[in-house]
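Take a look at the letters that make up each chain.
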Amino acid sequence: MHGDIQTIDSGLLSDRIRNALTDAITSGELPAGTALDEQNLAQRYGASRTPVREALRQLAASGLVEIRPRRGVVVARLTPERIADMFETTAEIEALCARLATYRMTPLERGRLMDLHADSAAAVEAGDVDAYDRLNRAFHESLYAATHNGFMAEQALAIRERLAAFRRTQLRHADRIRRSWDEHGEILSAIAEGDGELAARRMRAHMLRAAAALGRFIADTVG
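Residues numbered from 1 in each chain as written. Predicted model: local features only at pLDDT ≥ 70, side-chain atom pairs only at ≥ 80, totals over all residues. Heavy atoms only, no water.

Novice: In this structure, what is going on with the pattern of salt bridges? I would like to understand it.
Specialist: This model, assessed by the stated rule, comprises 15 salt bridges. A salt bridge links Arg-172 to Asp-23, with the shortest nitrogen-to-oxygen separation between them at 3.3 Å. Placement of the pair is Arg-172 in the loop between helix 7 (150-170) and helix 8 (176-192) and Asp-23 in helix 1 (residues 10-26), with a sequence separation of 149 residues. Given a relative accessible area of 34%, Arg-172 falls into the partly exposed group. Of the charged contacts, one joins Glu-92 and Arg-204 as a salt bridge, the two residues approaching to 2.9 Å between their closest N and O atoms. Linking Glu-92 in helix 4 (residues 80-104) with Arg-204 in helix 9 (residues 196-222), this pair joins segments that are 112 residues apart in sequence. Judged by relative accessible area, which is 27%, Arg-204 ranks as partly exposed. Counted as one network, the salt bridges with shared partners bring together Glu-38, Arg-49 and Arg-53. (Salt bridge = Lys/Arg side-chain N within 4 Å of Asp/Glu carboxyl O. Helix = DSSP H or I, 4+ residues; strand = E, 2+ residues; numbered from the N terminus. Buried < 20%, exposed > 50% of the residue type's maximum accessible area, 1.4 Å probe, protein only.)

Okay, here's the thing in structure tokens:
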């Protein structure tokens, strides 16, 4: 865990703590089984226990930590195979969303996706993973909404929450942030052409490349 977090707006503090802990866990700095004490973390980040508790809740939702009776919060043990299974599942769901959204989205929704893609270019140029991660999330969630299938959007969002930490982490590998942006552009091109099948194939490939980047990141940082 690097840096001190004392001057962050309170509304963003839990997100910053969650991100710092995510990096520490996925890099191996905090190995599986490590106990995470709320009070110690609050002192570490110059925060109250409330944002720390919220950060830990979010990490538990994504499967990075476990909340155990009498033991408190501990770093979870996740195998590469389990993570790969999760990415494979979300790749299929996101591909389905891309296909349906292509045929069902309104011009305003298409414009929203294009605006998010354009806005994220600055984050790519700056190498700002946190800013790109926020816009990336908005891009995918806008695509879910554009399916006009509320149940599907709920399921896509739920599994995205489980993978949020890992999806953010893979953006740190090499030039993955730029490649992710390029892949979004390819998906948008298929959508603009009204080719839902091509949009689905490109979205599936986008997600599986993210999984591969995550594997390389973990291998590089732990190895």
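Picking up where we left off.
Novice: It is not clear to me how helix 7 should be interpreted in this structure. Could you clarify?
Specialist: Note that an α-helix has 3.6 residues per turn; residues three or four places apart therefore point the same way. Helix length check: helix 7 (21 residues) gives 28 Å between terminal C-alpha atoms against 30 Å at 1.5 Å per residue, within 8%. Taken as a whole, helix 7 carries its principal kink of about 60° at Leu-163. Met-152, Ala-153, Ala-156, Ile-159, Arg-160, Leu-163, Ala-165, Phe-166, Arg-167, Arg-168, Thr-169 and Gln-170 are the residues of helix 7 that are buried. Backbone nitrogen of Phe-151 and a side-chain oxygen of the N-cap are separated by 3.2 Å at the start of helix 7; the cap is Asn-149. (Expected span 1.5 Å × (residues − 1). Bend = angle between axes of the 7 residues up to and from the residue. Polar contact = N/O pair within 3.5 Å; in protein donor to acceptor, adjacent residues only side chain to side chain.)

Novice: Looking at this structure, I do not really get the pairing of strand 3 (residues 72-75). What am I missing?
Specialist: Consecutive side chains of a regular strand alternate in pointing toward one face of the sheet and then the other. Examined bridge by bridge, strand 1 (residues 35-36) and strand 3 share two bridges and lie antiparallel to one another. Note on strand 3: the bridge partner recorded for Ala-35 is Val-74. Strand direction decides the pairing type here: strand 2 (residues 65-68) and strand 3, joined by four bridges, are antiparallel. Counted as the bridge partner of Ile-67 is Val-73 from strand 3. In this structure, the hairpin formed by strand 2 and strand 3 is closed by a connection of three residues, where Arg-70 is found at a positive phi of approximately 70°. (Pairing = 2+ DSSP bridges.)

Novice: For this particular structure, what's the right way to read the packing of helix 4 against helix 6 (residues 129-145)?
Specialist: Angle between the axes and distance between the axes: these two values describe a pair of packed helices. Between helix 4 and helix 6, whose axes approach to 8 Å, the crossing angle comes to 60°. Regarding the angle of helix 4 to helix 6, the classification is oblique. The element helix 4 and its partner helix 6 pack so that their crossing is left-handed. Residue-level inspection shows Glu-94, Cys-97, Ala-98 and Ala-101 of helix 4 in contact with helix 6, the latter providing His-140, Leu-143 and Tyr-144. Considered class by class, the residues forming the contact of helix 4 with helix 6 number five nonpolar, one polar and one charged. (Axes fitted to C-alpha atoms, helices over the stretch in contact; angles between N-to-C directions. Parallel < 35°, antiparallel > 145°, perpendicular 65-115°, else oblique. Left-handed = near helix turned anticlockwise from the far one by under 90°. Contact = heavy atoms within 4.5 Å. Nonpolar A, V, L, I, M, F, W, Y, C, P; charged D, E, K, R; others polar.)

Novice: What is the right way to look at helix 5 (residues 107-126) in this model?
Specialist: Between its first and last C-alpha atoms helix 5 spans 30 Å; for 20 residues at 1.5 Å apiece the expected length is 28 Å, and the two agree. Within the span of helix 5, buried status applies to Glu-109, Leu-113, Leu-116, His-117, Ser-120, Ala-123 and Val-124. Contact partners of the buried residues in helix 5: helix 4, helix 6 and helix 8. Downstream of helix 5 by one or two residues, Gly-127 has phi in the positive range, about 65°.

Novice: Before we go on, may I ask you to explain the nonpolar core in this structure?
Specialist: Nonpolar side chains in soluble globular proteins generally cluster together in the buried interior. In this structure, Ile-17, Leu-21, Leu-36, Leu-56, Phe-87 and Leu-143 are the most contacted members of the largest nonpolar core, which totals 44 residues. Residues in contact with Phe-87, not counting those within four places in the same chain, are Leu-163, Phe-166, Arg-167, Met-207, Ala-210, Ala-211 and Leu-214. (Core = buried A, V, L, I, M, F, W, Y, C linked by side-chain atoms within 4.5 Å.)

Novice: Could you clarify how one ought to interpret the sheet that holds strand 3 in this entry?
Specialist: One open sheet accounts for three strands, arranged 1-3-2; its pairing is antiparallel. Whereas interior strands pair on both sides, the edge strands pair on one side only; in this sheet they are strand 1 and strand 2. On the sheet, helix 3 (residues 49-61) packs against strand 1, strand 2 and strand 3 and is oriented at approximately 110° with respect to strand 2.

Novice: Teacher, can you tell me more about unusual backbone geometry here?
Specialist: With the exception of glycine, the majority of residues adopt a negative phi angle, and the majority of peptide bonds are in the trans configuration. Backbone geometry places His-148, a non-glycine residue, at a positive phi of 55°. Inspection of the secondary structure puts His-148 in the loop between helix 6 and helix 7. Take His-148: its relative accessible area is 46%, and that puts it in the partly exposed class.

Novice: Is there a simple way to think about the environment of Arg-49 in this case?
Specialist: Position of Arg-49 among the secondary structure elements: in helix 3. Sequence-distant contacts of Arg-49, that is, excluding residues within four places in its chain, are made with Glu-38, Gln-39 and Ala-42. For Arg-49, the side chain forms a polar contact with the side chain of Glu-38, separated by 3.3 Å.

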